[in-house]
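So you can see what is in the structure, the chains are spelled out below.
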Amino acid sequence: ALPQPTALSCGYDRPSQSPDLNPIEHLWRDRKMTILVGDSGVGKTSLLVQFDQGKFIPGSFSATVGIGFTNKVIAVDNVNIKLQIWDTAGQERFRSVTHAYYRDAHALLLLYDITSKSSFDNIRAWLTEIHEYAESDVVIMLLGNKADMSSDRAIRRDEGERLAREYSVPFMETSAKTGVNVDLAFTAVAKELKHRAVQHPNQPKFQIHDYIEAQREKSGCCSYF
Ligand SMILES: Nc1nc2c(ncn2[C@@H]2O[C@H](COP(=O)(O)OP(=O)(O)OP(=O)(O)O)[C@@H](O)[C@H]2O)c(=O)[nH]1
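Given the structure is predicted, the values throughout are model-derived calculations rather than measurements.

Q: Summarise the packing of helix H3 (residues 95–102) against helix H5 (residues 123–133); cite the residues concerned and give the values.
A: At a closest axis distance of 9 Å, the pairing of H3 and H5 adopts a crossing angle of 50°. Here H5 runs oblique to H3, going by the angle between their axes. Here H3 and H5 pass one another in a crossing that is right-handed. Of the residues in H5, those in contact with Arg95, His99 and Tyr102 of H3 are Trp126, Glu129, Ile130 and Tyr133. In terms of residue class, the contact of H3 with H5 is made up of four nonpolar, one polar and two charged.

Given below as structure tokens:
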């Protein structure tokens, strides 16, 4: 049995699949499980707090213990997509706990810290784990967090882009502190999940790239590829 959620917990009900519901109603009922993963300290909890509450709590770093989740509803083309976002502990000693959740994940946001070379170098190992434990059609997005700390940057943007391209996953740099690209990252995931569930349930496709591109053209906002 999976351990109960700890921090951020606000109740968990499994999606129910009633045959007399149309696909849109199923979407409303279903919660799309999205998991934040990456080394300890890259900013997973901070990213979720910024997305959920629109704030950044500076100060001392307190590592997540175990795993917890929060629910968010994102309107995508008049359909409400419920994301159940799980914040995992990056520390090695909790790794076996988080592996158990990969299998049920619809989406994974994989973070590194642009000021930490080791967190970037470990992305390949994270991707290996994801491919081992998660479903093959899981939506994966690579995020280079702490984009506000450009003076301490250890990983150039193009290095992040290159790695993402190598694994065919979308990429952007985010800042949990300033909020840059935070909403966009979660919205892009929600759009992709809606696209897969409603329009092409059997043909997963990274429409997410197109969406990010369109947003960039509209606002000039985003660091992406
Ligand atoms: N400047 C800056 N600091 C950040 C950002 N995101 C997180 N931090 C800081 O980095 C430290 C670690 O952030 P957390 O969100 O706790 O990291 P985590 O990935 O959840 O760590 P674990 O729970 O151990 O896996 C904290 O001191 C945060 O304030 C960011 O975008 N910019």
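Q: Run through the pattern of salt bridges, naming residues and quoting values.
A: Between side chains of opposite charge, a pair can form when the charged atoms approach closely. Counted according to the given criterion, the structure contains 12 salt bridges. As a salt-bridge pair, Lys117 and Asp121 come within 2.8 Å of each other at their nearest N and O atoms. Of this pair, Lys117 and Asp121 both sit in helix H4 (residues 117–121), four residues apart, roughly one helical turn. It is possible to trace a salt-bridge network through shared partners that takes in Arg156, Asp158, Glu159 and Arg162.

Q: I'd like a rundown of the site of the ligand, residues and numbers included.
A: Lining the immediate surroundings of the ligand are 24 residues, of which Ser40, Lys44, Ser46, Thr64 and Gly90 lie closest. Contacts to the ligand include Val42, whose backbone N or O atom sits 3.3 Å from an oxygen atom. Coverage of the ligand by the protein amounts to 91% of the 650 Å² it exposes when considered alone. Looking at the shell around the ligand, the element that brings in the most residues is helix H2 (residues 44–53), giving three residues. A class-by-class count of the residues in the shell around the ligand yields eight nonpolar, 11 polar and five charged.

Q: Tell me about the pairing of strand S2 (residues 67–76), residues and numbers included.
A: Of all 10 residues making up S2, seven are buried, and the element is well covered by its neighbours. Relative to strand S3 (residues 79–88), S2 runs antiparallel, the two being bridged by 10 bridges. Its bridge partner lying in S3, Lys72 is registered against Leu83. Here S2 folds back onto S3, and the loop between the two strands holds two residues, one of which, Asp77, carries a positive phi near 50°.

Q: I'd like a rundown of the sheet that holds strand S5 (residues 139–145), residues and numbers included.
A: The sheet built from six strands is open, its strands ordered S2-S3-S1-S4-S5-S6 with mixed pairing. The strands lining the two open edges of the sheet, one partner per strand, are S2 and strand S6 (171–173). Neighbour to neighbour, the strand axes of the sheet diverge by 25° on average, direction disregarded. Contacts from H2 reach strand S1 (31–38), S2, S3, strand S4 (107–113) and S5 within the one sheet, and its direction differs from that of S3 by about 150°. Here helix H6 (residues 157–166) sits on the sheet in contact with S4, S5 and S6, set at roughly 160° to S6.

Q: Describe the packing of aromatic side chains, and please don't skip the residues or the numbers.
A: Across all of its chains, the model carries six aromatic pairs by this definition. A centroid spacing of 4.1 Å and a plane angle of 10° characterise the contact between Phe51 and Phe186, whose relative ring orientation is stacked. Of this pair, Phe51 sits in helix H2 while Phe186 sits in helix H7 (residues 182–199), and the two are 135 residues apart along the sequence. Residue Phe51 is classed as buried on the basis of its relative accessible area, which comes to 10%. When the centroid spacing of 4.7 Å and the interplanar angle of 40° are considered together, the rings of Phe69 and Trp86 count as tilted. One end of the pair, Phe69, is in strand S2; the other, Trp86, is in strand S3, with 17 residues separating them in the sequence. An identical accessibility class is assigned to Phe69 and Trp86; each is buried. Here the aromatic cluster, defined as three or more aromatic residues joined through ring pairs, consists of Phe69, Trp86 and Tyr101. One cation-aromatic arrangement involves Lys72 over Phe51; the distance from NZ or CZ to the ring centre is 5.1 Å.

What counts, and where the lines are drawn
Residues numbered from 1 in each chain as written. Predicted model: local features only at pLDDT ≥ 70, side-chain atom pairs only at ≥ 80, totals over all residues. Heavy atoms only, no water. Axes fitted to C-alpha atoms, helices over the stretch in contact; angles between N-to-C directions. Helix = DSSP H or I, 4+ residues; strand = E, 2+ residues; numbered from the N terminus. Parallel < 35°, antiparallel > 145°, perpendicular 65-115°, else oblique. Left-handed = near helix turned anticlockwise from the far one by under 90°. Contact = heavy atoms within 4.5 Å. Nonpolar A, V, L, I, M, F, W, Y, C, P; charged D, E, K, R; others polar. Salt bridge = Lys/Arg side-chain N within 4 Å of Asp/Glu carboxyl O. Near = heavy atom within 4 Å. Polar contact = N/O pair within 3.5 Å; in protein donor to acceptor, adjacent residues only side chain to side chain. Areas by Shrake-Rupley, 256 points an atom, 1.4 Å probe, with all protein chains shown as cover. Buried < 20%, exposed > 50% of the residue type's maximum accessible area, 1.4 Å probe, protein only. Pairing = 2+ DSSP bridges. Phe/Tyr/Trp six-rings, centres within 6.5 Å; stacked < 30°, edge-to-face > 60°. Lys NZ or Arg CZ within 6 Å of the ring centre and 35° of its normal.

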